[in-house]
Amino acid sequence: MKGTFRGGVHPSHKSKNPTRGVKTREYVSDTVKIIMNMNIGAPAKPCVKKGDQVRVGQVIGEAQGFMSVPVHASVSGTVLAVEPIPYLTEAPSMAVTIQNDFRDEWVELNPLGDVEHVDPALVIPAIQNAGICGMGGACFPTHVKLSLKPDQKCDTIIVNGAECETHLTADHRLMLENSRRIVDGLRAVMRALDVKNGVIAIEDNKPDAIAAMKQASFGRQGVKVRPLRTKYPQGGEKQLIEAITGRQVPSGGLPIQVNVVVLNVGTCAAIADAIIDGKPLISRITTITGCVRKPSNLRLRIGTLVEDLIGECGGFSEDAGKIVFGGAMTGLPIPNTAVPIAKATNGVVVYNKRDGASVEEGPCIRCGKCVSVCPIGLNPFQIKAAADADDLEKCKALHVMDCILCGSCSFDCPSRRWLTASFKNAKQKITLQAKKAAAAQQGGTAK
Amino acid sequence: MSLILSSAPHIRTGNTTARLMGNVLIALAPCAAAGVYFFGLRAAIVLAVSTASAVLAEFVWQKLARQKVRISDLSAAVTGLLIGLIVSPTVPWWTVMIGSFFAIIVVKQLFGGVGDNFLNPALAARAVLLASWPTRLTSHPAVGFNVVDTASSATPLASMKGISLNDLLFGQVGGAIGETCKIAILVGLLYLLITRTISWRIPVITVGSAFLFNLAVSGSLNDSITCILSGGLLFGAVFMATDYATSPMQSYAQTIYSVLIGVITVVIRRWGVYPEGVTYAILIANIVAPLLDRFIPQKIYGVTGKKKEVKA
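A.B. asks: Quick question: what am I supposed to make of the nonpolar core here?
C.D. replies: Judged by nonpolar contacts, the single largest core of 75 residues is most densely connected at Phe235(B), Phe239(B) and Tyr257(B). The element that contributes the greatest number of residues to this core is helix α1 (residues 17-39) of chain B, accounting for 10 residues. Formed by 46 residues, the second largest nonpolar core is a distinct cluster that contains Ile127(A), Cys154(A), Ala170(A) and Leu174(A).

Below, the structure is given as structure tokens:
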């Protein structure tokens, strides 16, 4: 039986995925700029200075607290600069620039060996030390997800190979080219958490990946491959959990509350590399497509600049209007091509001036399409009216905080309304409000 | 190099408001063609006047109100064409024009324009015309090329006996311009479903509930088949009840709304003073629609959804 969920849309896939059948190739650039920010949690603190010689895998940014992971040099060479650079976040992010000497000299590694025999207690610390965070886009520190509280139980680990976003084929290629490592990573985590049930979930538009993963997981204890119906946002954590287990994550809650942990396929492969080879996370596969001459999947060192990887893909095929990190439904636009890729950058998609242009919003015709496609079951048109009126209380009452920002409503709106964008804005405002209120309360009790 | 920074999603569906409204116009084409075929040039004139005056009314209103002129979204054209299709071909052109003006200015624009009207503009216009010139609206000519058009009969439902199922299906009966040929309506429905302009729920449940309710109260299968194939029920269920702005959005609410239309139609037809009840049934359901959307609880993931027991 193929798992699925209610609602959702079908943004066209095939025509936009010229990278599907193309083998991944390695590309290493002259310089890398490695940012210290994580999407969540404290940024790492740089521990090298200008002029230092570094080796591949050397720690260049120290983790700051439990919600943070260390950052490693992705090439060997000389540190050119340690300075803040503009990034996707509002505030600039600290970054370490390294001139590559192409000697590829590694630090001394500490491999733990076969995942079936490693001491389970060593797995989570190894994941943390390897700087692994969610590679599907959220960049949440993986060891945090795996460190269960005493009252929490996990009975199923889901490996997310849905790759439901448009344009992206990085996870698809990884499943074909590195299937064993994904299963190894899953097994390591299953043993660490003493979980009997591991499910690798893949949309049925990737039959070759399903076959490859089935072959790789043959004979591996407790590991199953489950095909999913191809529909966006099947790879959304909540939709995936419901499709596989029939459980719903409670509003405002985390997957572990329904005894599930979800990991991206890339994250699993990185975990296997960390355990088997002792290697930290220094590279990843990224899909580069859209208006480039040679759309490709590249294995890139973390910190490769967009301008360099565009060059490797033959340059722009048309004037670039917009460049987006990630797929078309949820990707983040970047301000310029001097921005480096990070651990969670699964795609770089270039739009021409026409396709990249911002669309003009028309009046709501109350067609109800946003209601029928919402995978959460919200009334997007109502929330939009409340958000436009800046009525945050009403937004909350209409469950804007349950919105997963998948973009389905905006995609399907015939009037081109900016639904998702306004929900993102409202959610940020509400979060900020809550933080302020909490701070005020703390200040009050301190007095 | 300056790049565009705009929020996700970065692609949109090909369906624009204008394309959806265009789909409705295409779906109405078979009905309009059948109307002109059966009733001749008069019908063509009525349709042209109703459509043109609705678009004109929208254009003039938006100019005078200094709003952006949105006649290119085709919603006014749809309203205008619908008005022409639900009146008798013998209606004078100025009556149709008044209907279109009323629909666009009073029912649609005074309440805020496209999407904000709470009544179906075409049906509200028909109700007003019906109240103002009852005989003009309901006297329908007999059909056929060689029939002299003064041979008007009463409204078809008042003299239903002796008409075969075939005649009903192909439109060999008197009636409003677009409502008589059921085959044309079904072709239009098919097109709307294929292009995903509307979902099956409202038309199917509306007609189905009228059929079942009629069957329950009359006990006659024949009578019930005639019930759904006569008058404006099928046309109303496909093109009027499915109007975006005035139908509910939630699927449960849509189901109740559709049942309401089916049942009220039969109630008016059987026990009311009017021979035809679809117009009023849909208008009443339009008024109830926002309440249905409001009071039928949503199913929200993780909030009201199914809660499976998690084995510890």
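A.B. asks: Would you mind showing me how to read unusual backbone geometry here?
C.D. replies: Most peptide bonds take the trans configuration, and most residues that are not glycine carry a negative phi. With an omega dihedral of -5 degrees, the bond running from Tyr232(A) to Pro233(A) counts as a cis peptide bond. Within the secondary structure, Pro233(A) is located in the loop between β11 (223-228) and α6 (237-245). For the peptide bond that leads from Ala8(B) to Pro9(B), omega is -5 degrees, which places it in the cis range. Note on placement: Pro9(B) falls in the segment before α1. Of note in this structure, Glu163(A) is not a glycine but carries a positive phi near 40 degrees. Take Glu163(A): it is sitting in the loop between β9 (156-161) and α3 (170-177). When its relative accessible area of 10% is taken as the criterion, Glu163(A) is described as buried. If you check the backbone angles, Arg366(A) has positive phi at about 55 degrees while not being a glycine. Position of Arg366(A) among the secondary structure elements: in the loop between α9 (353-356) and α10 (369-373).

A.B. asks: Sorry if this is basic, but what is going on with the interface of chain B and chain A here?
C.D. replies: Many descriptions give the size of an interface as the accessible area lost when the pieces come together. Contacts between the two partners involve 41 residues from chain B and, on the opposite side, 70 residues from chain A. Both sides of the chain B and chain A interface together cover about 4600 Å² of buried area, and 58% of this is carbon and sulfur. When the buried surface of chain B facing chain A is broken down by residue, Arg12(B), Met249(B) and Tyr301(B) rank first, second and third, together holding 21% of it. Taken together, the connections running from chain B to chain A amount to one salt bridge. The salt bridge involving Glu360(A) is made with Lys68(B); its shortest N-O contact spans 3.7 Å. Inspection of the chain B/chain A interface yields 21 residue pairs in polar contact (both at pLDDT 80 or more). The greatest single-element share of the side of chain B that touches chain A, amounting to three residues, is contributed by α1(B). When its residues are assigned to classes, the side of chain B that touches chain A shows 18 nonpolar, 14 polar and nine charged.

A.B. asks: Before we go on, may I ask you to explain the state of the cysteines in this structure?
C.D. replies: Residues and elements named next belong to chain A. Within this structure, the stated rule accounts for zero disulfides over all chains. With no disulfide of its own, Cys 313 has Cys 291 as its nearest cysteine by sulfur position, at a separation of 13 Å. Its sulfur unpaired, Cys 409 is 6.4 Å from the next cysteine sulfur, which belongs to Cys 406.

A.B. asks: Any chance you could explain the pairing of strand β10 (residues 197-203) of chain A here in plain terms?
C.D. replies: Where a strand is regular, its side chains alternate between the two sheet faces. All names here are of chain A. Of all seven residues that make up β10, six are buried, and the element is covered over most of its length. In this sheet, β10 lies alongside β9 in parallel orientation, the contact comprising six bridges. Note that in β10 the partner of Gly 161 across the bridge is Ile 202. Taken together, β10, helix α5 (residues 207-217) and β11 constitute a β-α-β crossover, and its handedness is right-handed.

A.B. asks: When you look at the packing of aromatic side chains in this model, what are you seeing that I'm missing?
C.D. replies: Within a pair of aromatic rings, the relevant descriptors are the distance that separates the centres and the angle that separates the planes. Scanning all chains against the criterion turns up four aromatic pairs over all chains. Geometrically, the ring pair formed by Trp94(B) and Trp133(B) is edge-to-face, given 5.5 Å between the ring centres and 80 degrees between the ring planes. Of this pair, Trp94(B) sits in helix α4 (residues 93-108) while Trp133(B) sits in the loop between α5 (121-132) and α6 (134-138), and the two are 39 residues apart along the sequence. The interplanar angle of 75 degrees and the centroid separation of 5.1 Å between the aromatic rings of Phe111(B) and Phe118(B) together place this pair among those described as edge-to-face. Here the guanidinium or amino end of Lys322(A) rests over the ring plane of Tyr351(A), the centre of that ring lying 5.9 Å away. In this arrangement the basic side chain of Arg12(B) is found over the ring face of Trp418(A), its NZ or CZ atom lying 4.8 Å from the centre.

A.B. asks: Would you mind going over the sheet that holds strand β7 (residues 77-85) of chain A with me for this structure?
C.D. replies: Strand pairing in a sheet relies on backbone hydrogen bonds, with the paired strands running either antiparallel or parallel. Residue and element names in this part refer to chain A. Read from one edge to the other, the open sheet built from four strands follows the order β2-β8-β7-β4, with strand pairing classed as antiparallel. Each edge of the sheet is formed by a strand with only one pairing partner; in this case those strands are β2 (31-35) and β4 (53-54). Relative to strand β8 (residues 93-100), β2 is paired through five bridges, and the arrangement is antiparallel. Across the sheet, the residue bridging to Thr 31 is Gln 99, located in β8.

A.B. asks: Can you help me understand the pattern of salt bridges in this one?
C.D. replies: As a working rule, side chains carrying opposite charge can pair if their charged atoms are close by. All names here are of chain A. Going through the model one piece at a time under the given rule, you end up with 23 salt bridges over all chains. Residue Arg 173 pairs with Glu 177 through a salt bridge whose shortest N-O separation is 2.9 Å. Taken as a pair, Arg 173 and Glu 177 lie in helix α3 at a separation of four residues, close to a single helical turn. Residue Glu 177 is classed as partly exposed on the basis of its relative accessible area, which comes to 32%. The closest approach of N and O atoms between Arg 417 and Asp 388, which form a salt bridge, is 3.9 Å.

A.B. asks: In this structure, what is going on with the packing of helix α2 (residues 41-64) of chain B against helix α3 (residues 75-85) of chain B? I would like to understand it.
C.D. replies: Two packed helices can be described by the angle between their axes and the distance between those axes. All names here are of chain B. As a packed pair, α2 and α3 sit with axes 7 Å apart at the nearest point and diverge in direction by 145 degrees. Read as a crossing pair, α2 and α3 show a hand that is right-handed. In this structure, α2 contributes Val 46, Leu 47, Ser 50, Thr 51, Ala 54, Val 55 and Glu 58 to the contact, and α3 contributes Ser 75, Ala 76, Ala 77, Gly 80, Leu 81, Gly 84 and Leu 85. Here the residues of the contact of α2 with α3 are counted per class, giving eight nonpolar, five polar and one charged.

Analysis parameters
Residues numbered from 1 in each chain as written. Chains lettered and ligands numbered in written order. Predicted model: local features only at pLDDT ≥ 70, side-chain atom pairs only at ≥ 80, totals over all residues. Heavy atoms only, no water. Core = buried A, V, L, I, M, F, W, Y, C linked by side-chain atoms within 4.5 Å. Buried < 20%, exposed > 50% of the residue type's maximum accessible area, 1.4 Å probe, protein only. Helix = DSSP H or I, 4+ residues; strand = E, 2+ residues; numbered from the N terminus. Contact = heavy atoms within 4.5 Å. Buried area = accessible area lost by both parts, 1.4 Å probe. Salt bridge = Lys/Arg side-chain N within 4 Å of Asp/Glu carboxyl O. Polar contact = N/O pair within 3.5 Å; in protein donor to acceptor, adjacent residues only side chain to side chain. Nonpolar A, V, L, I, M, F, W, Y, C, P; charged D, E, K, R; others polar. Disulfide = S-S within 2.5 Å. Pairing = 2+ DSSP bridges. Right-handed = clockwise from strand over helix to strand, strands pointing away. Phe/Tyr/Trp six-rings, centres within 6.5 Å; stacked < 30°, edge-to-face > 60°. Lys NZ or Arg CZ within 6 Å of the ring centre and 35° of its normal. Axes fitted to C-alpha atoms, helices over the stretch in contact; angles between N-to-C directions. Left-handed = near helix turned anticlockwise from the far one by under 90°.

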